[in-house]
Amino acid sequence: MADHEAGIPPKSRRVQDDSDTGLGVCGWILVITSLIFTVITFPISIWMCIKIIKEYERAIIFRLGRILKGGAKGPGLFFVLPCTDSFIKVDMRTISFDIPPQEILTKDSVTVNVDGVVYYRVQNATLAVANITNADSATRLLAQTTLRNVLGTKNLSQILSDREEIAHSMQATLDEATDDWGIKVERVEIKDVKLPVQLQRAMAAEAEAAREARAKVIAAEGEMNASRALKEASMVITESPAALQLRYLQTLTTIAAEKNSTIVFPLPIDMLQGIIGVNR
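Residues numbered from 1 in each chain as written. Predicted model: local features only at pLDDT ≥ 70, side-chain atom pairs only at ≥ 80, totals over all residues. Heavy atoms only, no water.

1. Focus on the nonpolar core
Phase 1: Ranked by internal contacts, the top residues of the largest apolar core, which has 35 residues, are Val112, Val114, Val118 and Leu147.
Phase 2: Put simply, the parts of the chain that give this core at least two residues each are strand E2 (57–63), strand E6 (95–105), strand E7 (111–122), helix H5 (125–130), helix H6 (135–151), helix H7 (156–161), helix H8 (163–177) and strand E8 (183–194).
Phase 3: Tallying contributions element by element places H6 first for this core, with 6 residues.
Phase 4: Beyond its immediate chain neighbours, meaning those up to four positions away, Val114 contacts Pro100, Pro101, Gln102, Ile104, Leu147, Leu151, Ile190, Asp192 and Val193.
Phase 5: Listed in part, the 5 residues of the second largest apolar core include Ile53, Ile61, Phe78 and Val80. (Core = buried A, V, L, I, M, F, W, Y, C linked by side-chain atoms within 4.5 Å. Buried < 20%, exposed > 50% of the residue type's maximum accessible area, 1.4 Å probe, protein only. Helix = DSSP H or I, 4+ residues; strand = E, 2+ residues; numbered from the N terminus. Contact = heavy atoms within 4.5 Å.)

The structure is reproduced here in structure tokens:
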């Protein structure tokens, strides 16, 4: 509870407590001797004692093998004792790396090759040095296994359509696993999903068949709508015989506009019967 109220992670507090246990009598003798040696050889020793850390770096100082109280130092100038002190620089900038293509068997038994990219940074330099040998290498290996574990529980359709959700899930898993190492995983992205050639052909054939089916349905719907319109038009024409003659004339006008040499003009039989009756 005290660690939580102080805002310090339990692991970080454990490292600091271990560094506060004291150097012992021999340790203090060595430290005092080193300090006396520094004073005697001043100002030559000043070049060995003063170190400079850049803005994006932090230094973890070890005095006789123990981390000094106060955690990481920097940026700027800091002081070390010769012979008894050593330090390790830690880069605090965001680091990106590619996840090598992983051959993964999905939940629906499809083999795919998936790669990605991870962005992370060192959030706690003390933990990154004291709790793990190589934080960068460990994060890379963990990203590969996490990618395989997460995608192994997904179907192929989910992998292709839910990349953003998968990336967020991987980020949360990696961030939780690397918290004890002082690592903050900022972003995870799925770069490419490579399918087998045979599966690509099968998916292309399936998509083409689906498009053809939709085209046939649309054509059938068009024929049905056209037949309904013709039915309504025939009902209107039967109510007025003159409408049929107007339709003939409209058709003749359309044919004449195309500059055809032959014009076929349908003549109603009723009109012929009327002309024959007049002659008689």
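2. Remarks on the sheet that holds strand E3 (residues 66–67)
Phase 1: Spatially, E3-E2-E5 is the arrangement adopted by the 3 strands of the open sheet, whose pairing is antiparallel. Each having just a single partner strand, E3 and strand E5 (85–91) make up the two edges of the open sheet.
Phase 2: The pairing of E2 with E5 spans 7 bridges and is classified as antiparallel. Looking at the pairing, Arg58 lines up with Val90 of E5. (Pairing = 2+ DSSP bridges.)

3. Describing the pattern of salt bridges
Phase 1: Using the criterion set out here, one finds 7 salt bridges in the structure.
Phase 2: Here Lys184 and Asp175 are joined by a salt bridge, their closest N and O atoms 2.9 Å apart. (Salt bridge = Lys/Arg side-chain N within 4 Å of Asp/Glu carboxyl O.)

4. Side note on the packing of aromatic side chains
Phase 1: Taken as a whole and judged by the stated rule, the model has 2 aromatic pairs.
Phase 2: Each ring, one from Phe78 and one from Phe87, has its centre 5.4 Å from the other, and the planes form 85°; the classification is edge-to-face.
Phase 3: By relative accessible area, Phe78 is classed as buried at 9%.
Phase 4: Seen from their ring centres, Phe97 and Tyr120 are 5.9 Å apart, and the 65° between their planes marks the pair as edge-to-face. You can see Phe97 sitting in strand E6 and its partner Tyr120 sitting in strand E7, a full 23 residues away along the chain.
Phase 5: Judged by its relative accessible area of 5%, Phe97 falls in the buried class. (Phe/Tyr/Trp six-rings, centres within 6.5 Å; stacked < 30°, edge-to-face > 60°.)

5. Description of helix H3 (residues 24–40)
Phase 1: Here H3 contains 17 residues, and its C-alpha end-to-end distance of 24 Å stays within 8% of the 24 Å for a straight helix at 1.5 Å per residue.
Phase 2: Inspection of H3 places Gly27, Val31, Ser34 and Thr38 among the buried residues, and these make up the whole buried set. Buried positions in H3, seen along its axis, are confined to an arc of 60° and lie on one side of it. Facing away from the buried side of H3, by more than 90 degrees, are the exposed residues Val25, Cys26, Trp28, Val39 and Ile40.
Phase 3: Against the buried residues of H3 lie helix H4 (46–49) and E2. (Expected span 1.5 Å × (residues − 1). Arc of directions from axis to C-beta.)

6. Concerning the environment of Val80
Phase 1: Along the chain, Val80 falls in the loop between strand E4 (76–79) and E5.
Phase 2: With relative accessibility at 5%, the residue Val80 sits in the buried group.
Phase 3: Remark: the alpha-carbon pair of Val80 and Met48, spanning 32 residues in sequence, is separated by 7.9 Å.
Phase 4: If we skip the residues at most four places from it in the chain, Val80 touches Met48, Cys49, Lys51, Ile61 and Asp85.

7. Focus on H6
Phase 1: Its 17 residues place the ends of H6 24 Å apart at the C-alpha level, agreeing with the 24 Å of an ideal helix rising 1.5 Å per residue.
Phase 2: All of the buried residues along H6 are Ala135, Ala138, Thr139, Ala143, Thr146, Leu147, Val150 and Leu151. The arc that holds every buried residue of H6, seen down its axis, measures 165°, which confines them to one face. Residues of H6 that are exposed and angled more than 90 degrees away from the buried face: Leu141 and Asn149.
Phase 3: On its buried face, H6 sits against E6, E7, H5, H7, H8 and E8.

8. Looking at the pairing of E2
Looking along a regular strand, one sees side chains alternate from face to face of the sheet.
Phase 1: Buried residues dominate E2, accounting for 6 of its 7 residues.
Phase 2: As paired elements, E2 and E3 share 2 bridges and run antiparallel to each other. Looking at E3, one finds that Phe62 is bridged to Ile67.
Phase 3: Counting the residues between successive antiparallel strands, the hairpin from E2 to E3 contains 2 residues, one of them, Leu64, with a positive phi of roughly 55°.

9. Thoughts on the sheet that holds E6
Phase 1: Pairing is antiparallel in the open sheet, where 3 strands are placed in the order E6-E7-E8. Where the open sheet ends on each side, the last strands, each with one partner, are E6 and E8. Each neighbouring strand pair of the sheet contributes to a mean axis angle of 25°, computed without reference to strand direction.
Phase 2: Here E7 runs beside E8; their pairing, made up of 10 bridges, is antiparallel. Across the sheet, residue Val114 finds its bridge partner in E8, namely Val193.
Phase 3: Against the sheet, H6 engages E6, E7 and E8, with an angle of about 35° to E6.
Phase 4: Packed on one face of the sheet, H8 meets E6, E7 and E8 and runs near 145° to E8. (Axes fitted to C-alpha atoms, helices over the stretch in contact; angles between N-to-C directions.)

Purely spatial values, then, with no claim about function.
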